[in-house]
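Summary of structural features
Letter by letter, the chains look like this.
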Amino acid sequence: MNSSRYEDVWPLSPLQEGLLFHAVFDERSLDVYSAQLALGLDGPLDVAALQASVRTLLARHANLRVGFQRVRDGAPVQVVWREVPLPWRELDLSGMDEASQSAAVQDVLDRERVAGFDVTRPPLLRFVLIRLTAQRHRLVMTNHHTLWDGWSVPVLLEQLFRMYAAGGSDAGLPPVVPFKRYLAWLSGWDRPAAEAAWTAALADLQGPTLVAPQAVGRPAVVPEPVHAALSEELTASLTDVARQLTVTLNSVVRVAWALCLARATGRDDVVLGSTVSGRPPQVADIEQMVGLFINTIPIRVRIREDETLASLLGRVQAEQTELLPHHHLPLPQIQRIGGGGTLFDTLIVFENYPVGEMEMAWKETETASGLRVTGAEGRDATHYPVALVVGPGDRLRIRLDYQPGLFDRAAAEQIIVRLIRVLEAVAENPERLISAIDVLDRDERRRVLVEWNDGVSPVRTGVTLPDLVQAQAAATPGAVAVVSGDTRLTYEELNVRANRL
């Protein structure tokens, strides 16, 4: 390793370990963990100042200059490079008509998102500035998820636009709060206590909760999204219920999803994945740091049909509160504690990011230079068959990302409908018993109970079940009658065994 090229060597945060595994496990398959943000920029743009701001951003944040390597014992580390090439490209589409521009921009977004990164060579991010007219541009920022989490994006953009207003200089900004400070805290964190806590939390768990067990071993693909938004009235009612029960809205959504999983899988002990912030308050100025702090953890929910929704919500939140100090254990280790292998294949992400300072920086940029940010379109993904992304606001927003090879759009939309039905039940009466919660609407219930059981064969009366089996064995002796594990019996074999019994 050429020491003159490198500035430092760091360990990995919990989720960095997992994402790095997905990035290098099969280099021929698509790495879905590339995130993208496209900003609309209207007004006079100083391209040189924006480019200089990106260069300064890379110089300010050491963790934007990391590549991932393995040391002699095979352990992964992140190596900070002293300098990295500027990941900047410009594209001029101003000669096209509006329809052609729109298609070309979408093509750029799609290509950038799937282009991938060599995780050993930083920077693991790219910028593309697209010129539409002299007064309209799109700035596309694509990064590997190992660099930062959703909370970090407003922090980065605030700095970027304040530097742009200053011509690319960071002289007026406070010093960076280094990601290395968090990694140092993590090195002294009580891992044995976390292992003990997760051992207790997952004790006696009877296997994983999978909605798509056939997904195991399938190559990753970019998921398809389905969007929905709750009404303002329902959002307000859920907020009121959460406040009255002293639980978070995040807990309400988790429990609602757990009930959907329980009904879909027929289990009364379910596990779902959840993304947690991973920003410990013990670390000074943690909210100003840029990096990957989030972690994915299992949420175990034991369903008791004679319990009320309110009681279930309180119990689940209390159980999760006890686990708060232990959120930094890597998921593979938690899964080993839980018996090994996958514990869940659905994920919930509850987004709640600090956008206020970023929006203020945008406004100051508009006042100082006339450049206005007209919109921000973000895209990210996971490898899970189903992932729910929930955004707070006057209307709770829900995005369901699904793997198109495992579900079609109609099935994905039905999943959201069922989730909303459970949320409506919570809002209407949190004292309702769990046994009274029905995720199926009238049409679905008729389909399951009537249409799918509408046999075409007439019902025979006056005969016994043994008579029916005997007749079927005579009619189709070689047809498979019973399957149990690896054992398969034909009707003839079944009839012989039954007669012998």
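Here is a short report on the structure shown in this document.

About the criteria used
Residues numbered from 1 in each chain as written. Predicted model: local features only at pLDDT ≥ 70, side-chain atom pairs only at ≥ 80, totals over all residues. Heavy atoms only, no water. Helix = DSSP H or I, 4+ residues; strand = E, 2+ residues; numbered from the N terminus. Buried < 20%, exposed > 50% of the residue type's maximum accessible area, 1.4 Å probe, protein only. Contact = heavy atoms within 4.5 Å. Axes fitted to C-alpha atoms, helices over the stretch in contact; angles between N-to-C directions. Parallel < 35°, antiparallel > 145°, perpendicular 65-115°, else oblique. Left-handed = near helix turned anticlockwise from the far one by under 90°. Salt bridge = Lys/Arg side-chain N within 4 Å of Asp/Glu carboxyl O. Pairing = 2+ DSSP bridges. Expected span 1.5 Å × (residues − 1). Polar contact = N/O pair within 3.5 Å; in protein donor to acceptor, adjacent residues only side chain to side chain. Patch = residues over 30% accessible without salt bridge, like charges linked within 9 Å, V, L, I, M, F, W, Y side chains within 5 Å. Areas by Shrake-Rupley, 256 points an atom, 1.4 Å probe, with all protein chains shown as cover.

Moving on, we come to the overall build of the protein. A count of helical and extended segments in the protein gives 15 helices and 16 strands. Projected onto the principal axes, the alpha-carbon positions of the protein cover approximately 90 × 55 × 50 Å. A burial count over the protein gives 47% of its 501 residues as buried. Nonlocal contacts in the protein, meaning residues at least 24 apart in sequence, comprise 75% of its contacts between residues at least 6 apart.

At a closest axis distance of 10 Å, the pairing of helix α8 (residues 249–265) and helix α9 (residues 309–323) adopts a crossing angle of 110°. Between α8 and α9, the interaxial angle falls into the category roughly perpendicular. With respect to the hand of their crossing, α8 and α9 are arranged in right-handed fashion. The residues of α9 that touch α8, namely those facing Ser251, Val252, Arg254, Val255 and Leu259, are Leu309, Leu312, Leu313, Val316, Gln317 and Gln320.

Attention now goes to unusual backbone geometry. Of the consecutive residues Pro122 and Pro123, the connecting peptide bond is found in the cis state with omega at 5°. Tracing the chain through its elements places Pro123 in the loop between α3 (98–114) and β6 (125–133). For Asp204, which is not glycine, the phi dihedral falls at a positive 65°. Assignment of secondary structure puts Asp204 in the loop between α6 (191–201) and β8 (224–229). A positive phi is found at Asp285, a non-glycine position, where the angle reads about 60°. Relative to the elements of secondary structure, Asp285 occurs in the loop between β9 (269–276) and β10 (295–302).

This part is about the pattern of salt bridges. Any two side chains of opposite charge can pair, so long as their charged atoms come close to each other. By the definition in use, this model includes 24 salt bridges. Residue Asp285 is joined to Arg181 by a salt bridge in which the shortest nitrogen-to-oxygen separation is 4.0 Å. Separated by 104 residues along the polypeptide, Asp285 in the loop between β9 and β10 and Arg181 in helix α5 (residues 179–187) bring together distant segments of the chain. Overall, the relative accessible area of 41% leaves Asp285 in the partly exposed class. Between Glu319 and Arg315 there is a salt bridge whose closest N-O contact spans 3.6 Å. Remark: Arg315 and Glu319 occur in helix α9; sequence separation between them is 4 residues, near one turn of the helix. For Glu319, a relative accessible area of 23% corresponds to the partly exposed category.

Turning next to the sheet that holds strand β5 (residues 88–92). Judged by pairing direction, the sheet is mixed, and its 5 strands sit side by side in the order β5-β6-β7-β2-β12 without closing on themselves. Strands at the two margins of the open sheet, each flanked by one partner only, are β5 and β12 (372–379). Neighbour-to-neighbour, the strand axes of this sheet turn through a mean angle of 15°, independent of strand direction. Where strand β2 (residues 34–42) meets β12, 7 bridges bridge the pair, whose relative direction is antiparallel. Residue pairing across strands places Leu37 opposite Gly378, the latter belonging to β12. Helix-sheet contacts for helix α4 (residues 152–165) involve β2, β7 (136–144) and β12, and the interaxial angle to β2 is about 35°.

Our next topic: helix α12 (residues 409–428). Along its 20 residues, α12 runs 29 Å from first to last C-alpha, staying within 8% of the 28 Å computed at 1.5 Å per residue. Looking only at α12, the buried set comprises Ala412, Ile415, Ile416, Leu419, Ile420, Arg421, Val422, Leu423, Ala425, Val426 and Ala427. Where α12 begins, the side chain of Asp408 points an oxygen toward the backbone nitrogen of Ala410, at a separation of 3.3 Å.

Here the focus is the pairing of β9. Here is the key point about a regular strand: its side chains alternate between the two faces of the sheet. Most of β9 is tucked away, with 8 of its 8 residues classed as buried. The side-chain alternation of β9 yields two buried faces, one formed by Asp269, Val271, Gly273 and Thr275 and the other by Val270, Leu272, Ser274 and Val276. Note: β9 against β10, 8 bridges, orientation antiparallel. Of the residues in β10, the one forming a bridge with Leu272 is Ile299. In the sheet, β9 pairs with strand β11 (residues 346–350) via 2 bridges, with the strands oriented parallel. In the strand pairing of β11, Gly273 is matched with Leu347.

Taken together, the side chains of Val463, Leu465 and Leu468 present a nonpolar region at the surface, about 250 Å² in accessible area. Note that Val463 resides in the loop between α13 (442–449) and α14 (465–475).

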